[in-house]
Amino acid sequence: AAQDMQGPPKVIELTREFVKPGKAGAIHDKSESKFVAAMAAAKWPTHYFALMSLSGKSRALYLTGYPSFKAWEDDYLAQMKNKALSAELEKDAEADGELLDGMDQFVLYYDEDLSYKPSPTLAHAKLMEITTFHIKPGKGKQWHELANLVIDAHKKAGDSAHWATFELAYGGGNEYIVFSDDKSMADIDTGYAEDKQFHDALGEDGLKKLRELEADCVESTDSELFGINPAQSYPPDEWVKADPDFWKPKPAAAPAAKPAAKPAQ
């Protein structure tokens, strides 16, 4: 079930953990690092990365990409057959559960038609903007019309916008999740600065149409910002080689010992 992690995968298994107050940060890093160590020791070919919330309720997201549902099934069955790995992961999950308020899981399916210039790799990404759209029942046609209107305006504007859109296949319904990665928060500044280009590209008629479609087909939206956490991630070798200082930083060197003071004459 090895995946190359180049470009958006067809299927994403997303696990969301709600971390108890005071249990995030280094405490949770230490707990999750045991899962990473177990996967590395088994030389497991399937990789994943972690996102930590920078807005909203304290939570962590773990995303594993697969080229197909069959590849996901093959990976799951292989882990089941590997008794040593399964036992270690179960033990680590029990300990990690003490830090959590709750957990849930989702399965996402990539929608290429509603995506725009998605990044070919996340090797240099540091942040992830995630926007969830809840679509009203029976309004799929209007939703696609809305998305295409936005895509066409960004093409005309020639701005830096880019994203990958996934449909929620399991774990809910009528939802689309849009991922946009950033190399730094300067990218977010750029995005806001380019708003005028986008609105100018839409024009008055396009902006009116956009608002009408949104009111017609979108039930609600939610936008959140996450930071990629390398300490809780099991990235592919290609990502580590591309940005080793981020994915596998070297431990800080211990300060040099001060020379002993000479005895008084």
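Above this note sits the structure.
Since the structure is predicted, the reported quantities are computational estimates derived from the model, not experimental observations. (Residues numbered from 1 in each chain as written. Predicted model: local features only at pLDDT ≥ 70, side-chain atom pairs only at ≥ 80, totals over all residues. Heavy atoms only, no water.)

Some details on unusual backbone geometry
Reasoning step 1: In this structure, Lys43 is a non-glycine residue whose phi angle is positive, near 55°.
Reasoning step 2: On the secondary structure map, Lys43 appears in the loop between α1 (26-41) and β2 (48-53).
Reasoning step 3: Phi angles above zero are rare outside glycine, and Lys117 is one such case at about 45°.
Reasoning step 4: In this structure, Lys117 sits in the loop between β4 (100-110) and β5 (127-135).
Reasoning step 5: What makes Lys117 partly exposed here is its relative accessible area of 48%. (Helix = DSSP H or I, 4+ residues; strand = E, 2+ residues; numbered from the N terminus. Buried < 20%, exposed > 50% of the residue type's maximum accessible area, 1.4 Å probe, protein only.)

Looking at the side chain of Thr64
Reasoning step 1: Mapped onto the secondary structure, Thr64 falls in strand β3 (residues 59-66).
Reasoning step 2: Among the residues examined, Thr64 registers a relative accessible area of 12% and is labelled buried.
Reasoning step 3: The contact partners of Thr64, leaving out residues within four places of it in the chain, are Val11, Ile12, Glu13, Thr46, His47 and Tyr48. (Contact = heavy atoms within 4.5 Å.)

Considerations on the nonpolar core
Reasoning step 1: Judged by nonpolar contacts, the single largest core of 25 residues is most densely connected at Leu14, Leu51, Leu63, Leu108, Ile130 and Phe179.
Reasoning step 2: With near-sequence residues (within four places) excluded, Phe179 lies in contact with Leu14, Leu63, Leu108, Met128, Glu129, Ile130, His162, Trp163, Ala164 and Phe166.
Reasoning step 3: Ala161, Trp163, Ala201 and Leu202 belong to the second largest nonpolar core, which has 23 residues in total. (Core = buried A, V, L, I, M, F, W, Y, C linked by side-chain atoms within 4.5 Å.)

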